[in-house]
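Observations on the model geometry
In case you want the letters, here they are:
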Amino acid sequence: MRPPLPTSRQPAFPISDLTDTQARPRDADDDRPRLECGVFGIYGIADASAITVLGMHALQHRGQEACGLASCDGRRFYIEREHGLVGDVFTGADLTSRLQGHAAIGHTRYSTAGGSFIRNVQPMFADLDSGGIAIAHNGNLTNFMHLRTKLVAEGAIFQSTSDSEVILHLIARSRQIRIIDRFIEALGHLEGGFALVALTRKMLIGARDPLGIRPLVIGRLDHSYVLASETCALDMIGATFVRDVEHGEVVQIDEHGLKSYKPFEARTARPCLFEYVYFSRPDSVVNGKSIYEVRKAMGRQLALEQPSDADIVVPVPDSGVPASLGFAEQSGLPYEMGIIRNHYVGRTFIQPTQGVRELGVRMKHSPNKVVLEGKRVVLIDDSIVRGTTSVKIVRMVREAGAKEVHLRSASPPIMWPDFYGIDMPDREKLLAANHTLEEMRQMLECDSLGFLSVDGLYKAMGHNRRDPDQPQFTDHYFTGDYPTPLTDREEALEDADSAGQQLSLLANMH
């Protein structure tokens, strides 16, 4: 296990000069972890941009701040990138005439606070000596600043603060002949978790990091191949699932079909556990496991480990629903929709006073008083991060007449920040990292509080327990065991004078 890392990420200089008027800061009371991207690509089909937009719709949950699409007709590239949702950006009957071609890649983006600059929106494009290339990236590079600093010292000029641009520079500087070899050579410099799709005039390329932290799947639509972050995007367009891109694998898709490369040293896969806990859609299959069934198994295991003498089981919708079904099934308690979620709440609602802010949770969640009144309630959520939303929901349920409120988390306590593509608070803001179970129970104002254990989560994933010598998954947010070097963080420790500058730029990464 790596030693504890420092938690301060205050910038050493103001970044107001980088401000984009369309950037939208995150709501301070928004307590959900955010995944920063979804990627999609297709090759060899007419009107590829229209199919890509449909795939991006299915991946909208992975990023709602901005989106972009790049298409190619074999000669020219066509690119649009905007802030906003897919359905708002890619509209109009002229879509396929604006974004022409038989191949396209798309990207949905959620950025960390302060990073929603239009120049960071993907796909990113570069004109190389071998022709143009567009690239879209899901995840984060943990050696981004190390590579960026080195490239700048060698004369590179950066137009963004996205780690995706580093990849383009590495590809451009490669002396390999074939573009696929240049791409592979660039990947050899990267550390962290990533899934990439790239488009050239002649091919679509997909790649996954050596540990398979971020997901990427291959599908088939008629005679065309598809790449996507999740299988739900394949379902959206009527494509057939073929297989996952393997960890450390690079796939090349062109007029001759699909070719696989495995250029890196074989390592044991360690997919991200949070894909199963929260991020992936419940109708997706990730690394061969149904997200819905895994989440139900988490609920069943939670009921075994953290039972409650209660009358009903109520989910915090929507992400807590499958786990609640499993909890109710295992415990024999009735499952009830005690909280109704409003799906039509905009992200830009202004909360001008503290009094109105306190009511903000009711915009998204409304208590079902008929169900809750007089009942001892087991409230199931997928995870608890800072607790700011949890305490409001507990109060709301109690005010609706619940006799008791017992809060259960279908994941272990979140103790450590993430550096692989999840926007998660620094350690001093993580509730479980700074308080005992009893302190958390008092702060959340619930009658009892319980978390799924780490080994319990592994059991829900089909393993007897976590193997401490060779963990089966990436789980550092629960254990502090980071699966890759954290070069940028470690170099910041060694050079305190530059730490603020490095970390302020990291905060603006993809």
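Use the structure listed above.
If you're wondering where the values come from, they're calculated on a predicted model, not measured in any experiment.

1. Topic: the overall build of the chain
Along its length, the chain carries 20 helices and 23 strands. Of all 510 residues assigned to the chain, the portion counted as buried reaches 58%. When contacts within the chain are restricted to residue pairs at least 6 apart in sequence, long-range pairs at least 24 apart make up 70% of them. Accessible area for the chain stands at about 20200 Å²; split by element, carbon and sulfur atoms hold 51% of it.

2. Digging into the pattern of salt bridges
Within this structure, the stated rule accounts for 22 salt bridges. Here the salt bridges share partners, and the residues they tie into one network are Arg62, Arg214, Glu230 and Glu275.

3. Quick notes on the side chain of Arg466
Along the chain, Arg466 falls in the loop between α17 (454-460) and α18 (476-479). Take Arg466: its relative accessible area is 12%, and that puts it in the buried class. Only 3.0 Å separates the side chain of Arg466 from the side chain of Asp481, close enough to count as a polar contact. The contacts of Arg466, once residues within four sequence positions are left out, are Arg270, Val454, Asp455, Tyr458, Pro471, Gln472, Asp475, Thr479 and Asp481.

4. Details of the sheet that holds strand β12 (residues 240-244)
Strand order in the open sheet made by the seven strands is β4-β3-β5-β2-β11-β10-β12, with antiparallel pairing throughout. Looking at the sheet topology across the chains shown, the edges are occupied by β4 (77-83) and β12. Pairwise comparison of adjacent strand axes, ignoring direction, gives a mean angle of 15° for this sheet. Sheet topology note: the strand β10 (residues 217-221)/strand β11 (residues 224-228) ladder contains five bridges and is antiparallel.

5. Structural notes on the packing of helix α5 (residues 163-173) against helix α6 (residues 179-187)
Direction vectors running N to C along α5 and α6 enclose 125°, while the axes themselves pass 8 Å from each other. Put simply, α5 runs oblique to α6. Note on packing geometry: the crossing formed by α5 with α6 is right-handed. For the pair formed by α5 and α6, the contact residues are Ile167, Leu170, Ile171 and Ala172 on the first element and Ile179, Arg182, Phe183 and Ala186 on the second.

6. A look at the pairing of strand β13 (residues 250-254)
With five of five residues buried, β13 is to be regarded as a mostly interior element. Neither face of β13 is exposed, since Val250, Gln252 and Asp254 on one face and Val251 and Ile253 on the opposite face are all buried. In this structure, strand β9 (residues 204-208) lies alongside β13, joined through four bridges in antiparallel fashion. Within β13, the residue paired with Gly206 across the bridge is Val251. Relative to strand β14 (residues 257-261), β13 is paired through five bridges, and the arrangement is antiparallel. Bridge assignment links Asp254 to a residue of β14, and that residue is Gly257. Taking the residues that link successive antiparallel strands as the turn, the β13-β14 hairpin has two residues.

7. Remarks on unusual backbone geometry
In the segment running from Gln122 into Pro123, the intervening peptide bond is cis, with an omega of 5°. By the secondary structure assignment, Pro123 is in the loop between β5 (103-109) and β6 (124-128). Despite not being glycine, Asp47 has its phi angle at roughly 55°, a positive value. Relative to the helices and strands, Asp47 resides in the loop between β2 (37-43) and α1 (48-58).

8. Examining the packing of helix α4 (residues 144-153) against helix α19 (residues 487-494)
Remark: α4 packs on α19, axes separated minimally by 6 Å, with the N-to-C direction vectors making an angle of 75°. Overall, the two elements α4 and α19 adopt an arrangement that is roughly perpendicular. Counted together, Phe144, Met145 and His146 of α4 and Thr487, Asp488 and Glu491 of α19 form the full contact between these two elements.

9. Some remarks on helix α9 (residues 291-305)
Owing to its 3.6 residues per turn, the α-helix brings residues three or four apart onto one side. Between its terminal C-alpha atoms α9 stretches 21 Å, which fits the 21 Å expected from 15 residues at 1.5 Å a residue. Regarding α9, the residues found buried are Ile291, Val294, Arg295, Lys296, Ala297, Met298, Gly299, Gln301, Leu302 and Ala303.

10. Digging into the environment of Ile384
The residue Ile384 is located in the loop between β20 (376-381) and α14 (388-399) in this model. Taking relative accessible area as the criterion, Ile384 reaches 3% and is therefore assigned buried. On a C-alpha basis, the gap between Ile384 and Ile414 in space is 7.2 Å, while along the polypeptide they are 30 residues apart. Setting aside its immediate chain neighbours within four residues, Ile384 contacts Ser390, Leu407, Ser409, Ile414, Leu431, Leu444, Leu449 and Phe451.

11. Quick notes on the side chain of Ser49
Residue placement: Ser49 occurs in helix α1. We classify Ser49 as buried; its relative accessible area is 0%. Once residues within four sequence positions are removed from consideration, Ser49 is found in contact with Leu69, Leu95, Thr96, Leu99 and Ala104.

12. Side note on the nonpolar core
Ranked by internal contacts, the top residues of the largest apolar core, which has 44 residues, are Leu273, Phe274, Tyr276, Met298, Ile414 and Tyr477. At the level of secondary structure, the elements contributing two or more residues to this core comprise α8 (274-279), α9, α10 (321-331), β20, α17 and α18. Counting residues per element, this core draws most heavily on α9, which supplies six residues. One finds Ala156, Leu170, Ala186 and Leu190 within the second-largest nonpolar core, a separate group that totals 32 residues.

13. With respect to the packing of aromatic side chains
Tallied over the full model, the rule gives nine aromatic pairs. Taking 5.0 Å as the distance between ring centres and 90° as the angle between the ring planes, the aromatic pair formed by Phe274 and Tyr477 counts as edge-to-face. Taken together, the positions of Phe274 in helix α8 and Tyr477 in helix α18 put the pair 203 residues apart, joining distant regions of the chain. For the pair formed by Phe274 and Tyr477, the shared burial category is buried. Here the aromatic rings of Tyr278 and Phe279 are separated by 5.4 Å at their centres, their planes lie at 70°, and the arrangement is edge-to-face.

14. Looking at the sheet that holds β6
Sheets are built from strands paired through backbone hydrogen bonds, the pairs being either parallel or antiparallel. Pairing in this open sheet of six strands is antiparallel, and the strands run β6-β7-β8-β9-β13-β14 from one edge to the other. With one partner strand each, in any of the chains shown, β6 and β14 form the two edges of the open sheet. Each strand of the sheet is rotated relative to its neighbour by a mean of 20°, with strand direction disregarded. The sheet strands contacting α5 are β6, β7 (131-141) and β8 (192-200), and the helix crosses β7 at an angle near 135°.

Each value, and the rule that gives it
Counting of residues starts from 1 at the beginning of each chain's written sequence and follows it residue by residue. With pLDDT at 70 or above as the cut-off, local features in this predicted model cover only qualifying residues; side-chain atom pairs require 80 or more to be listed or tallied, and sums for whole chains, interfaces and linings still use all residues. Processing note: side-chain calculations cover all non-hydrogen atoms of the structure and skip hydrogens and water entirely. Runs of E in the DSSP output that reach at least two residues are strands. Runs of H or I that reach at least four are helices, and both are numbered from the N terminus. Using a 1.4 Å probe on the protein chains alone, a residue whose accessible area is under 20% of its type maximum counts as buried, one over 50% counts as exposed, and one in between counts as partly exposed. Residues count as neighbours in contact if any of their non-hydrogen atoms are within 4.5 Å of one another. Per-residue and other accessible areas follow the Shrake-Rupley method at a 1.4 Å probe size, with only the shown protein chains counted as cover for residues. Here, a salt bridge means any side-chain nitrogen of Lys or Arg that lies within 4 Å of a carboxyl oxygen of Asp or Glu. Counting of polar contacts relies on pairs of N or O atoms within 3.5 Å, with two restrictions inside protein: one atom must be capable of donating a hydrogen and the other of accepting it, and residues adjacent in sequence are counted only when both atoms are side-chain atoms. For two strands to be treated as a pair, DSSP must find no fewer than two bridges joining them. Helix axes are fitted to C-alpha atoms over the stretch in contact, other axes to C-alpha atoms as well, and angles between N-to-C directions run from 0 to 180 degrees. Any angle that falls under 35 degrees is termed roughly parallel, while one over 145 is termed roughly antiparallel, one within 65 to 115 roughly perpendicular, and all others oblique. Crossing handedness: left-handed means the near helix sits turned counterclockwise from the far one by under a right angle, and right-handed means the same turn made clockwise. Here the expected length of a helix is defined as 1.5 Å per residue gap, with one fewer gap than residues. Nine residue types can take part in a nonpolar core, namely buried Ala, Val, Leu, Ile, Met, Phe, Trp, Tyr and Cys, and a core is a set of them joined through side-chain atoms within 4.5 Å. Two rings from Phe, Tyr or Trp (for Trp, the six-membered ring) form a pair when their centres sit within 6.5 Å of each other. Planes less than 30 degrees apart are called stacked, planes more than 60 degrees apart edge-to-face, and all others tilted.

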